[in-house]
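# Descriptive structure summary
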Amino acid sequence: MDASYSLMVHGGAGVLAAADDPERARRYLDSLHRVLEAGRLILLQGGASLDAAEHCVALLEDDPLFNAGRGSVLNEDGEIEMDAGLMDGRTLAAGAVGAVPRIANPIRLARRVLDAGDAVLLVGPGALRFAAECGIPEVARDDLVTFERQQEWTRVRGRKAGPSSPDPSRIESSGTVGAVARDLQGRLAAATSTGGRVNKPAGRVGDSPLIGAGLYADDASCAVSATGHGEELMRVLLAATIANAVAYRDLDAPAAMDFGVQILRNRVSGRGGAICVDRQGRCAAGHTTPRMPHGWIERGGEVHCRL
Ligand code: GLY
């Protein structure tokens, strides 16, 4: 077994208007770079891939640039409801939360679900009760809602009222965040977190907390975090499709990623993408959307980031 670590993060598949604005583009790249270096520290010190993936996603949740944690999009009621999940490739243990409001770091709550081991996915009020039992405090709505997201929601609601307007929820960028890691012991982990789709129905849960759709990790194959239009990703089980291509077709991460992206495009005209680290530490990213900000450290090497 190759004793090196690998780490990838993404900031969501979508259109990313920011790519045309050099200042905003730099902020995305700087954020991804900073998060990768923070994750590297954990892995270099012999930390577990699960801890590194969770930490990277928590940092991305804290950054209002991304649609997760603070900076999440608003649903049809003008509220934030977030989804997050993580999976341990060593044990196949998983923890996830769906449609949770008022939690600063849903990925940390998902980790507590995983550690408790009694359920894989908790939603809504039950998830909040579990958070309270764990000592994770609820935060005020205004701690999570940013001015930009409030403006975006108002814009989208206005457009939705127009008879000839395209459905705005189908064209906004996703901004979901995710991380996949391989640690020095060859353990794999995946984590994904999101505010979902802007103006989504209240109570809607996307792919991000669903094992096999928005994430998957198995030390025998690879770790995957997916992003994009959740309903399309769910229909082709994007993360599991990529992982199964490694496990049962004996493909490496880049070939399995090509396979998964092809399935997403051909079967459901899906808008999304994914990142993947395989058991040998090879990194791959793919997307059908114009953009998917992401970055990687392959086998202990340099940080690379792309929009
Ligand atoms: N992929 C994020 C969502 O659709 O909720």
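A short tour of the structure in this document, coming up. (Residues numbered from 1 in each chain as written. Predicted model: local features only at pLDDT ≥ 70, side-chain atom pairs only at ≥ 80, totals over all residues. Heavy atoms only, no water.)

## Structural notes on the pairing of strand 10 (residues 283–287)
To be explicit about the condition: When DSSP locates at least two bridges between a pair of strands, those strands are taken to pair. Helix and strand assignments come from DSSP, with helices taken as H or I runs of at least 4 residues and strands as E runs of at least 2, each series counted from the N terminus.
Strand direction decides the pairing type here: strand 9 (residues 272–278) and strand 10, joined by 5 bridges, are antiparallel. The residue of strand 10 that forms the bridge with Gly273 is His287. Between strand 9 and strand 10, which follow one another and run antiparallel, lie 4 residues, and Gly281 among them has a positive phi close to 85 degrees.

## So, the packing of aromatic side chains
Here is the rule: Stacked, edge-to-face and tilted labels apply to pairs of Phe, Tyr and Trp rings (six-membered ring for Trp) whose centres lie within 6.5 Å, assigned for plane angles under 30 degrees, over 60, and everything in between, in that order.
In this structure the tally under the stated criterion is 1 aromatic pair. Ring geometry for Tyr28 and Phe66: centres 5.4 Å apart, planes at 90 degrees, overall edge-to-face. One end of the pair, Tyr28, is in helix 1 (residues 22–44); the other, Phe66, is in the loop between helix 2 (49–62) and strand 2 (82–88), and 38 residues separate them in sequence.

## A closer look at the packing of helix 2 against helix 3 (residues 106–116)
Selection criterion: Fitted lines through C-alpha atoms give the axes, limited to the stretch in contact for helices. The angle between two N-to-C directions lies from 0 to 180 degrees. Here is the rule for angles: anything less than 35 degrees is roughly parallel, anything more than 145 is roughly antiparallel, 65 through 115 is roughly perpendicular, and the remaining ranges are oblique. Residue contacts follow a heavy-atom distance rule, with two residues in contact if any of their heavy atoms lie within 4.5 Å. Residues are grouped as follows: nonpolar covers Ala, Val, Leu, Ile, Met, Phe, Trp, Tyr, Cys and Pro; charged covers Asp, Glu, Lys and Arg; every other residue, Gly included, is treated as polar.
Across the interface, helix 2 lies against helix 3 with an axial gap of 8 Å and an inter-helix angle of 150 degrees. In terms of their interaxial angle, helix 2 and helix 3 are classed as roughly antiparallel. Contact residues: Leu50, Asp51, Glu54, His55, Val57, Ala58 and Glu61 in helix 2; Pro106, Ile107, Arg108, Arg111 and Leu114 in helix 3. Tallied by class, the residues present in the contact of helix 2 with helix 3 amount to 6 nonpolar, 1 polar and 5 charged.

## Here we look at the sheet that holds strand 11 (residues 294–297)
Read across the open sheet, the 8 strands follow the order 4-3-2-6-5-1-11-12; overall the sheet is mixed. Taken across any chain shown, the strands that pair with only one partner, and hence form the sheet edges, are strand 4 (121–123) and strand 12 (303–306). Direction aside, the axes of adjacent strands within the sheet are offset by 5 degrees on average. Contacting strand 3 (94–100) and strand 4, helix 4 (residues 124–134) runs over the sheet at an angle of about 105 degrees to strand 4.

## What to know about the site of the ligand
We apply this condition: A single heavy atom is enough: if one lies within 4 Å of a molecule or strand, its residue is considered near that molecule or strand. Residues adjacent in sequence count toward polar contacts only when both atoms are side-chain atoms; beyond that, a polar contact is any pair of N or O atoms within 3.5 Å, and within protein one must be able to donate a hydrogen and the other to accept it. Accessible surface is estimated by sampling points in the Shrake-Rupley manner with a 1.4 Å probe; for residues, cover comes only from the protein chains shown.
Around the ligand sit Thr176, Thr194, Gly196, Arg204, Gly206, Asp207, Ser208, Gly228 and Gly230, and those are all the residues in its vicinity. Between an oxygen atom of the ligand and a main-chain N or O atom of Gly230, the distance comes to 2.9 Å. Surface burial for the ligand is 99%, taken as the share of its 200 Å² of free accessible area covered by protein chains. Across the shell around the ligand, the residue classes break down as no nonpolar, 7 polar and 2 charged.

## Thoughts on the pattern of salt bridges
Selection rule: A carboxyl oxygen of Asp or Glu within 4 Å of a side-chain nitrogen of Lys or Arg is what we treat as a salt bridge. Exposure is judged per residue with a 1.4 Å probe applied to protein chains only, and the accessible area is read against the type maximum: over 50% gives exposed, under 20% gives buried, and values in between give partly exposed.
If you walk through the whole model with that rule in mind, you get 16 salt bridges. The residue Arg111 makes a salt bridge to Asp51 at a minimum N-O spacing of 2.8 Å. Here Asp51 lies in helix 2 and Arg111 lies in helix 3, a separation of 60 residues in the sequence. By relative accessible area, which is 34% here, Asp51 ends up partly exposed. Linking Arg149 and Glu152 is a salt bridge whose minimum nitrogen-to-oxygen distance equals 3.2 Å. Taken together, the positions of Arg149 and Glu152, both in helix 6 (residues 147–161) and 3 residues apart, correspond to about one turn of that helix.

## Describing helix 9 (residues 253–268)
Test applied: Expected span of a helix, by definition, is 1.5 Å for each gap between consecutive residues, and there is one gap fewer than residues. What the arc describes is the spread of directions from the helix axis to the C-beta atoms.
Here helix 9 contains 16 residues, and its C-alpha end-to-end distance of 22 Å stays within 8% of the 22 Å for a straight helix at 1.5 Å per residue. Restricting attention to buried positions, one finds in helix 9 the residues Ala253, Ala256, Met257, Gly260, Val261 and Leu264. Relative to the axis of helix 9, the buried residues are bounded by an arc of 135 degrees and lie together on one face. Facing away from the buried side of helix 9 by more than 90 degrees, the exposed set consists of Asp258, Asn266 and Arg267. Residues of helix 9 that are buried sit in contact with helix 7 (230–235), helix 8 (238–249), strand 9 and strand 10. Sitting at the head of helix 9, Asp252 places a side-chain oxygen 3.1 Å from the backbone nitrogen of Ala255. Note on helix 9: the residue one or two positions beyond its end, Ser269, has a positive phi of about 45 degrees.

## Some words on the environment of Val198
Locating Val198 in the fold gives a position in the loop between strand 6 (188–194) and strand 7 (215–217). Overall, Val198 belongs to the buried group, its relative accessible area being 4%. Separated by 49 residues in sequence, Val198 and Arg149 have C-alpha atoms that sit 8.8 Å apart.

## Looking at the pairing of strand 5 (residues 177–182)
With 6 of 6 residues buried, strand 5 is to be regarded as a mostly interior element. Bridging between strand 1 (residues 6–10) and strand 5 involves 5 bridges; their strand directions are antiparallel. Considered in strand 5, the bridge of His10 is made with Gly178. As defined by bridge partners, strand 5 adjoins strand 6 across 6 bridges and the pair is classed as antiparallel.

## Things to note about the sheet that holds strand 8 (residues 222–228)
Here 4 strands make up an open sheet; going across it, the order is 7-8-9-10 and the pairing antiparallel. Each end of this open sheet is capped by a strand with a single partner; those strands are strand 7 and strand 10. Strand-to-strand, the axes of this sheet are offset by a mean angle of 10 degrees, without reference to chain direction. When strand 8 meets strand 9, the two strands line up antiparallel, connected through 7 bridges. Each bridged residue has a counterpart across the sheet, and for Val224 the counterpart in strand 9 is Cys276.

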